[in-house]
Amino acid sequence: MSLQSDCRPSAPALETPRLILQPLGIGDAKAIQREFPHWEIVRLMASVIPWPYPEDGAASYIREIVLPAAARGEAWHWSLRRKSAPEELIGVISLMDGEDINRGFWLARGWQRKGLMTEACNCVTDYWFNVLGKPILRSPKAIENLASRRISQSSGMRISKTLDMPFVCGIRPTEIWEITQKEWRARQKL
């Protein structure tokens, strides 16, 4: 996969009824740096995220992780933008080739609890199965992350195992949620 001149991976833009999912690029770093590093967003994210979040955290993440993984065809990252305000980044959603983590996301504080992340998750899950042809999607959730767990439940995912995992806030009991391609496609026919 080649990178375009503005350093965006050549991945498709996607849409939901209320959102535009744009491939994440270096031009998104400033908005991510403003919206992401808040304890209530970061605390239940993977411990690989540095905390306190460095001043160049978003730019480094995009340059060193997002763009190289996209170029290798190992990950797909999108910014979330409302159709009514496409210039404003309100979150990020990602798909990754990994054993127990294939999808991750965050949403800016002012846009949570409005069903937007459920729309985005359904959109990228459909991309995972029906465009990329992947057989299974897994996503770890800290048991205390009720909002994220509800998104998985509403999309037909089930708990496949429990374990303790390190998060920014420390080790937490965690569930690995999963859904197969066959299960996803059967739900879409309902």
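Scroll up to find the structure.
A short tour of the structure in this document, coming up. (Residues numbered from 1 in each chain as written. Predicted model: local features only at pLDDT ≥ 70, side-chain atom pairs only at ≥ 80, totals over all residues. Heavy atoms only, no water.)

A look at the nonpolar core
Ranked by internal contacts, the top residues of the largest apolar core, which has 26 residues, are L21, W78, L80, I93, L95 and M117. If one sorts the elements of this core by residue count, helix α4 (residues 116–130) sits on top with 9 residues. If we ignore the near neighbours within four places in the chain, the residues touching L21 are P12, A13, L14, T16, W78, S79, L80, I93, A120, C123 and V124. Membership of the second largest hydrophobic core comes to 20 residues, among which are A29, F36, V92 and V168. (Core = buried A, V, L, I, M, F, W, Y, C linked by side-chain atoms within 4.5 Å. Buried < 20%, exposed > 50% of the residue type's maximum accessible area, 1.4 Å probe, protein only. Helix = DSSP H or I, 4+ residues; strand = E, 2+ residues; numbered from the N terminus. Contact = heavy atoms within 4.5 Å.)

Section: the sheet that holds strand β2 (residues 19–23)
If you trace the 5 strands from one edge of the open sheet to the other, you get β1-β2-β3-β4-β5, paired in antiparallel fashion. At either margin of the open sheet sits one strand with a lone partner, and together these are β1 (14–15) and β5 (103–107). Sheet topology places β2 next to strand β3 (residues 75–82); 5 bridges connect them, and they run antiparallel. The residue of β3 that forms the bridge with P23 is W78. (Pairing = 2+ DSSP bridges.)

Observations regarding the side chain of S152
Its location among the elements puts S152 in helix α5 (residues 146–154). By relative accessible area, which is 0% here, S152 ends up buried. Once you skip the residues sitting within four places of it in the chain, S152 turns out to touch R103, K141, M157 and W177.

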